[in-house]
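# What the coordinates show
Each chain, written out:
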Amino acid sequence: MAVRKNTSAIKNPPKHLLGIQNLSIQEAKQILKDAKEFINLNRSNSKKLDTLRGKTQINLFFEPSTRTQSSFDLAGKRLGADVMTMNMSNSALKKGETLIDTAMTLNAMHPDLIVIRHQDSGAPNLLSQKVNCAVINAGDGRREHPTQALLDALTIINRKGKIEGLKIAICGDILHSRVARSNIYLMNMLGAEVNIIAPKTLMPKSIERLGVKPFTNMKKGLDGCDIVMMLRLQNERMQGSFLPSKREYYEFFGLTPEKLKFANKDALIMHPGPMNRGVEIDTKLADDINVSLVKEQVELGVAVRMACLKTYCK
Amino acid sequence: MNEKIFINARIIDPSQKMDEKGSLILDNKGKIKAIGKNVKRSDVRSSAEVFDIKGNILIPGIVDMKAFVGEPGYEYKENFRTLSQAALAGGVTSIVTMPNTKPIIDNVSMVDFIIRRGRDKASINLFPCASITKQCEGKLMTEFGLLSLRGIIGFSDVNKTIQNTELMARIMDYASDLGVLIMQHAEDYELSKNSCINDGEIATRLGLEGVSQIAEKIIIERDLSLLSEYPCRYHINQISSKKSLEVIKRSKSNGKKFSVGVSINNLSLNENDIGEFKTFLKLSPPLRLEEDRLSLVNGIKENLIDVIVSDHIPEDEESKRLPFAQAATGAIGIETLLPLALEMHHNESLPLNKIIETLTVNPAKILQINKGTLKKVLMAIFVSLILMRLG
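Residues numbered from 1 in each chain as written. Chains lettered and ligands numbered in written order. Predicted model: local features only at pLDDT ≥ 70, side-chain atom pairs only at ≥ 80, totals over all residues. Heavy atoms only, no water.

A tally of regular secondary structure across chain B gives 14 helices and 16 strands. Taken over the C-alpha trace, chain B has a radius of gyration of 21 Å; the compact-globule value for 391 residues is 21 Å, and the two agree within 12%. Based on the C-alpha atoms only, the size of chain B along its principal axes is roughly 65 × 45 × 45 Å. For chain B, the proportion of contacts with a sequence separation of at least 24, taken over those separated by at least 6, is 74%. Counting only carbon and sulfur atoms, one obtains 49% of the accessible surface of chain B, whose full area is about 16400 Å². Here chain B contributes 50 positive and 49 negative side-chain charges, whose respective centroids are spaced 7 Å apart. (Helix = DSSP H or I, 4+ residues; strand = E, 2+ residues; numbered from the N terminus. Rg over C-alpha atoms; globule rule 2.2 N^0.38 Å. Contact = heavy atoms within 4.5 Å. Areas by Shrake-Rupley, 256 points an atom, 1.4 Å probe, with all protein chains shown as cover. Lys, Arg positive; Asp, Glu negative; His and termini not counted. Charge placed at Lys NZ, Arg CZ, Asp CG, Glu CD.)

Facing 25 residues of chain A, the contacting portion of chain B comprises 20 residues. Around 1900 Å² of area is buried between chain A and chain B when both sides are counted, 49% of it from carbon and sulfur atoms. Per-residue buried area on chain A facing chain B is highest for Asp 120, Arg 142 and Lys 205 of chain A; these three make up 25% of the total on that side. Between chain A and chain B we count three salt bridges in total. A salt bridge links Lys 205 of chain A to Asp 199 of chain B; the shortest N-O distance between them is 3.2 Å. (Buried area = accessible area lost by both parts, 1.4 Å probe. Salt bridge = Lys/Arg side-chain N within 4 Å of Asp/Glu carboxyl O.)

A separate point is the environment of Cys 196 of chain B. All names here are of chain B. Along the chain, Cys 196 turns up in the loop between helix H5 (189-192) and strand E11 (197-198). Along the chain, Cys 196 and Val 361 lie 165 residues apart, while their C-alpha atoms are 33 Å from each other. Apart from the residues within four sequence positions on either side, Cys 196 is in contact with Leu 208, Glu 209, Lys 282, Leu 283, Pro 286, Phe 324 and Ala 325.

This part covers a nonpolar patch on the surface. Residues and elements named next belong to chain B. A cluster of nonpolar residues, Leu 191, Ile 214 and Ile 218, forms a patch on the protein surface that exposes about 240 Å² of accessible area. Tracing the backbone shows Ile 214 in helix H7 (residues 214-229). The partly exposed category is assigned to Ile 214, whose relative accessible area is 42%. (Patch = residues over 30% accessible without salt bridge, like charges linked within 9 Å, V, L, I, M, F, W, Y side chains within 5 Å. Buried < 20%, exposed > 50% of the residue type's maximum accessible area, 1.4 Å probe, protein only.)

Let's shift gears to the confidence of the model for chain A. Residue-level pLDDT values for chain A average 91, and 93% of them are 70 or greater. Below pLDDT 50 for its whole length, residues 1-9 of chain A participates in seven contacts with residues either more than four positions away or in separate chains. (pLDDT = per-residue confidence, 0-100.)

The next thing to look at is the packing of aromatic side chains. Residues and elements named next belong to chain B. Inspection of every chain in the model, using the stated rule, returns seven aromatic pairs over all chains. On the basis of an interplanar angle of 50° and a centroid distance of 4.7 Å, the ring pair of Phe 144 and Phe 155 is categorised as tilted. Here Phe 144 is found in helix H3 (residues 144-149), whereas its partner Phe 155 is found in strand E9 (residues 154-156), with 11 residues between them in sequence. Taken as a pair, Phe 144 and Phe 155 share a single burial class, namely buried. Three or more aromatic residues joined by ring pairs form one cluster here, namely Phe 68, Tyr 74 and Tyr 76. Positioned above the aromatic ring of Phe 258 is the side chain of Lys 252, whose terminal nitrogen or guanidinium carbon lies 5.4 Å from the ring centre. (Phe/Tyr/Trp six-rings, centres within 6.5 Å; stacked < 30°, edge-to-face > 60°. Lys NZ or Arg CZ within 6 Å of the ring centre and 35° of its normal.)

All names here are of chain A. The four strands lie next to each other as E2-E1-E3-E4, forming an open sheet whose pairing is parallel. Two strands close off the open sheet at either side, each with one partner strand: strand E2 (82-87) and strand E4 (134-140). Along the sheet, successive strands turn relative to each other by an average axial angle of 15°, direction set aside. Bridge count between strand E3 (residues 113-118) and E4: five bridges; the pairing is parallel. Its bridge partner lying in E4, His 118 is registered against Asp 140. This element, helix H3 (residues 67-78), spans strand E1 (56-61), E2, E3 and E4 of the sheet and lies at about 175° to E1. (Pairing = 2+ DSSP bridges. Axes fitted to C-alpha atoms, helices over the stretch in contact; angles between N-to-C directions.)

By secondary structure assignment, the location of Glu 276 of chain B is in the loop between helix H9 (264-268) and helix H10 (290-301). Look at Glu 276 of chain B and you get partly exposed, because its relative accessible area is 40%. Here the alpha-carbon distance between Glu 276 of chain B and Arg 205 of chain B, two residues 71 residues apart in the chain, equals 9.6 Å. Beyond its immediate chain neighbours, meaning those up to four positions away, Glu 276 of chain B contacts Asn 22, Asn 125 and Arg 143 of chain A together with Leu 206 of chain B.

All names here are of chain B. Within the sequence span of helix H12 (residues 337-346), burial applies to Leu 337, Leu 338, Ala 341, Leu 342 and Met 344. The buried residues of H12 occupy an angular sector of 140° when projected down its axis, which confines them to one face. Following H12 by one or two positions, Glu 348 adopts a phi angle in the positive range, close to 60°. (Arc of directions from axis to C-beta.)

What follows is about the sheet that holds strand E8 (residues 227-230) of chain A. By way of backbone hydrogen bonds, the strands of a sheet pair with one another, either parallel or antiparallel. Residue and element names in this part refer to chain A. Taking strand neighbours across the sheet as the criterion, the five strands line up as E7-E6-E5-E8-E9 in an open arrangement whose pairing is parallel. Unpaired on one side and paired on the other, strand E7 (213-215) and strand E9 (268-270) mark the two borders of the sheet. Taking the axes of each pair of neighbouring strands and ignoring which way they run, one obtains an average angle of 20° across the sheet. For strand E5 (residues 167-171) and E8, the ladder comprises four bridges, and the chain directions are parallel. Along E8, the bridge assignment pairs Cys 171 with Met 230. Together, E5, E8 and E9 form the strand contacts of helix H6 (residues 146-160), whose direction differs from that of E9 by roughly 160°.

As a further point, take the side chain of Arg 142 of chain A. The topology assignment puts Arg 142 of chain A in the loop between E4 and H6. Residue Arg 142 of chain A is classed as buried on the basis of its relative accessible area, which comes to 12%. Of the polar contacts made by the side chain of Arg 142 of chain A, one reaches the side chain of Glu 209 of chain B; its length is 3.3 Å. Sequence-distant contacts of Arg 142 of chain A, defined by excluding residues within four places in its chain, comprise Ser 121, Leu 175, His 176, Ser 177, Arg 178 and Arg 181 of chain A together with Gly 207, Leu 208 and Glu 209 of chain B. (Polar contact = N/O pair within 3.5 Å; in protein donor to acceptor, adjacent residues only side chain to side chain.)

Residues and elements named next belong to chain B. Of the pairings in the sheet, the one linking strand E7 (residues 92-97) to strand E8 (residues 125-130) comprises four bridges and is parallel in character. Its bridge partner lying in E8, Ile 95 is registered against Leu 126. With two bridges joining them, E8 and E9 adopt parallel strand pairing. Bridge pairing in E9 links Cys 129 to Gly 154. Remark: the E8/H3/E9 crossover connection has right-handed handedness. (Right-handed = clockwise from strand over helix to strand, strands pointing away.)

What follows covers the packing of H6 of chain A against helix H7 (residues 178-189) of chain A. Residue and element names in this part refer to chain A. Their axes nearest at 8 Å, the elements H6 and H7 cross at an angle of 55°. Taken as axis vectors, H6 and H7 run oblique relative to one another. At the point where H6 passes H7, the crossing takes the right-handed sense. Note on element contacts: H7 touches H6 through Val 179, Ser 182, Asn 183, Leu 186 and Met 187, opposite Pro 146, Gln 148, Ala 149, Leu 150, Asp 152, Ala 153 and Ile 156. Its residues assigned to classes, the contact of H6 with H7 comprises eight nonpolar, three polar and one charged. (Parallel < 35°, antiparallel > 145°, perpendicular 65-115°, else oblique. Left-handed = near helix turned anticlockwise from the far one by under 90°. Nonpolar A, V, L, I, M, F, W, Y, C, P; charged D, E, K, R; others polar.)

As structure tokens, this is what we get:
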């Protein structure tokens, strides 16, 4: 019982960003509005603010990441926070320390924000119960990646002016994708119609219960879409256990200029990265600045994360 | 010890098809001397102790066919003393204990230890199980004959399944000759790899790997096919889905002899109860859809499911306060088995007599033990009675 006494009793629990599922439409819109204002700042010569001066942000990455980690790193620094990034793949966790113990240790250092990426779904939820600072989910297992969905939304708004009424296709390894799940929730919430395109073996059970239309035929799924979000297909999935081969996947689910013709004329392509050129997307298409938003996504990622840090840091 | 008489009781004993207002007399050795509506207060001497049940219900002590005791090896999770306390508080008087202790109960000396230890520490009837295969590894069978001689009631690899069909065939063949009880956990490992909850909407939302109903069904179908060739005493520990039930219905209506259990968890909860990562409800087999739960309740009504078990698996806090995928599987249940079962009477999904039957006489019949009944001149010296107020 002594254990319980020590670990609980958080007074005035802070708000966390654990997933789009827990977000209200007002909160989502506010974050997007705030983020918009950071876009120009990030393009200017003097990028630094002192909004979070004196605050401490810990980036806790249990899984390797390049773009999300550097994006959060930069976002915190531009807002003036002290940022510490901990690469947890070679730390106390290997010595048998549990997530809760790690959380308690870090909590004792009085951070104001913890950004966590973890390979297990639900790890940020568990962490948030044990610390008295805000927790921001930077991707947990295959559950959610809320800041990715928010930056995707901002990118779409930036180009199309709105999300409401658009038709969005998400295509690829939906089963293992947290990006897909967060985007389904957010795009639905903001009034878009969402099509899911995946081979049968990479389609999660009861996905239609999330308010989307599932397709196994890419051409049908792309019909009339304004946005095509491609997902990364991991190497281990395409060697016989889920799919027969790379080339078979590319034939049926790779985005090519021919397949893109089935979408709307002004359709735009997105990808959360890193890309497998020639597996899920034609390499020329990926680099075509007229249709590909990939670079913009990375750019706006910093703005969205700045908005999230500002919103959730008390 | 004086004679005791319990008066004004509604006695429900499905083993004698009894449901009547009456009394029960225990003789000075604690054996049942008389029972039923014809028993009168004047049948006992004036020195006898009188207990007025006040119209409440008297049922035989419950027989739980699946519970985990931490002894030896996991005393910090549960021991014989704490298990007895929990069981008695819940009206359970006989327990089949699982062999997945540390070390595993797969040899004769372990059996001697656990029987002696249980005799000294427990205040309930214990019926130990041994593992079907050595170390529950699913590779080599244990000494069914010798272990039975030492007092093993049945054989189970608990939450592990014998995947090798050839070995399973031999086990059933050998067991059919000896007449020992084989209790199988039905789960195909290839289909259930890394999974922790039902393969459905909740798994998709929580981003967890799900186990489909087919993993259970395929093993049941395999074993029932084998059973036609090797008719041994075969019991399926727990089923969780509607699809499994359909297979069972087909086989039972073809006259195949086997028995089926279900956990009280799968009868009272469904996958929605997991909410946001409640690791306490990480169970094996997992909680499934409401549709499955209802079909299981119906399976009891149609005699397709014979027993309700608690699937009592105490876990310490450290094993559960982890991300869902890493957390231990199992939950306590022995103390709440009866109240939750009675809930199915209160919400009118099952008749009371049927519930009592699946908790008392049915498991006793499968195990071939003289428990779960209030018959006269019972061998047992301590017959425990439960008084339960029904709303």
